[in-house]
Amino acid sequence: MDFDNSFELCQTIQISWRLKMTSRYELFTGRNNQYYFRLVAPNNEIILQSEGYVSVQGAENGIASCRLNSPYDANYQRLISTANQPYFTLKAANWQVIGVSQMYSSNQAMEVGISAVKRYGPGAILVRQAS
């Protein structure tokens, strides 16, 4: 390996490492060929997952809606699953679901998750995952 290739490889690794250490929306294609996004916190924990979209543009619009609506507490619906676990949904102004959280062990843990979406949702970068 020559110096130029080694330098490029180091730059690629450094960029990849930085992406893993920042909040981000990951846009990807599911096994069903629908497009999804997830909001990932700087600790690499997925804090919000979208439903499927039939087009990339639809998923990008969902991300834009998430950025717009995530700072406001009124847009969060706090729920209890059939397994009796707390979780939340983020909703748009028209009350359509933008994203769903994971299941949490307690209401306090769920509130921490909501705070993370409020904090990271508006400014997270977009990363398109390879199909």
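See above for the structure.
Treat the numbers as computed from the prediction; the structure is a model and nothing was measured.

Chemist: Got a sec to walk through the pairing of strand 6 (residues 97-100)? Specific residues and values, please.
Modeler: Inspection of the sheet shows strand 5 (residues 86-91) paired to strand 6 by three bridges, in the antiparallel sense. Bridging from a neighbouring strand, Leu-90 pairs with Gly-99 of strand 6.

Chemist: I'd like a rundown of helix 2 (residues 56-69), residues and numbers included.
Modeler: For helix 2, spanning 14 residues, the distance from its first C-alpha to its last is 20 Å, which sits close to the expected 20 Å at 1.5 Å a residue. Within the sequence span of helix 2, burial applies to Gly-58, Ala-59, Gly-62, Ile-63, Ser-65, Cys-66 and Asn-69. Viewed end-on, helix 2 has its buried residues packed into an arc of 160°, placing them on one side of the element. Here the buried face of helix 2 lies against strand 1 (24-29), strand 2 (35-40), strand 3 (46-49), strand 5, strand 6 and strand 7 (125-128).

Chemist: Break down unusual backbone geometry for me, with residues and values.
Modeler: One non-glycine residue, Asn-44, adopts positive backbone phi at about 70°. Turning to its location among the elements, Asn-44 is positioned in the loop between strand 2 and strand 3. By relative accessible area, Asn-44 is classed as partly exposed at 36%. Positive phi, close to 70°, is recorded for Trp-95, a residue that is not glycine. Mapped onto the elements, Trp-95 comes out in the loop between strand 5 and strand 6.

Chemist: Please provide a residue-by-residue account of the side chain of Ser-70, values included.
Modeler: Examined against the element boundaries, Ser-70 turns out to sit in the loop between helix 2 and strand 4 (76-80). Among the polar contacts listed, one links the side chain of Ser-70 to the backbone oxygen of Cys-66, at a separation of 2.8 Å. Those residues in contact with Ser-70, other than ones at most four positions away along the chain, are Tyr-76, Leu-90, Val-117, Lys-118, Gly-121 and Pro-122.

Chemist: Please give an account of the pattern of salt bridges that cites residues and values.
Modeler: Throughout the structure, instances matching the rule amount to six salt bridges. Among the ionic pairs, Arg-128 bridges to Glu-60, the shortest N-O distance being 2.2 Å. Of the two residues, Arg-128 is situated in strand 7 and Glu-60 in helix 2; the sequence distance between them amounts to 68 residues. Given the relative accessible area of 53%, Arg-128 is considered exposed. Accessibility expressed as a relative area gives 21% for Glu-60, which makes it partly exposed. As a salt-bridge pair, Arg-78 and Asp-73 come within 2.7 Å of each other at their nearest N and O atoms.

Chemist: Account for the packing of aromatic side chains, naming residues and giving values.
Modeler: Taken as a whole, this structure holds five aromatic pairs when the rule is applied. Note on Tyr-25 and Phe-37: the rings are 5.9 Å apart at their centroids and 75° apart in plane angle, and the pair reads as edge-to-face. Here Phe-37 lies in strand 2 and Tyr-25 lies in strand 1, a separation of 12 residues in the sequence. Across this residue pair, the class does not change: Tyr-25 and Phe-37 are buried. Ring geometry for Phe-88 against Tyr-104: centres 6.2 Å apart, planes inclined by 15°, an arrangement best described as stacked. Residue Phe-88 is found in strand 5, and its partner Tyr-104 is found in the loop between strand 6 and helix 3 (107-120); the two are separated by 16 residues along the sequence.

Conventions and cut-offs
Residues numbered from 1 in each chain as written. Predicted model: local features only at pLDDT ≥ 70, side-chain atom pairs only at ≥ 80, totals over all residues. Heavy atoms only, no water. Pairing = 2+ DSSP bridges. Helix = DSSP H or I, 4+ residues; strand = E, 2+ residues; numbered from the N terminus. Expected span 1.5 Å × (residues − 1). Buried < 20%, exposed > 50% of the residue type's maximum accessible area, 1.4 Å probe, protein only. Arc of directions from axis to C-beta. Contact = heavy atoms within 4.5 Å. Polar contact = N/O pair within 3.5 Å; in protein donor to acceptor, adjacent residues only side chain to side chain. Salt bridge = Lys/Arg side-chain N within 4 Å of Asp/Glu carboxyl O. Phe/Tyr/Trp six-rings, centres within 6.5 Å; stacked < 30°, edge-to-face > 60°.

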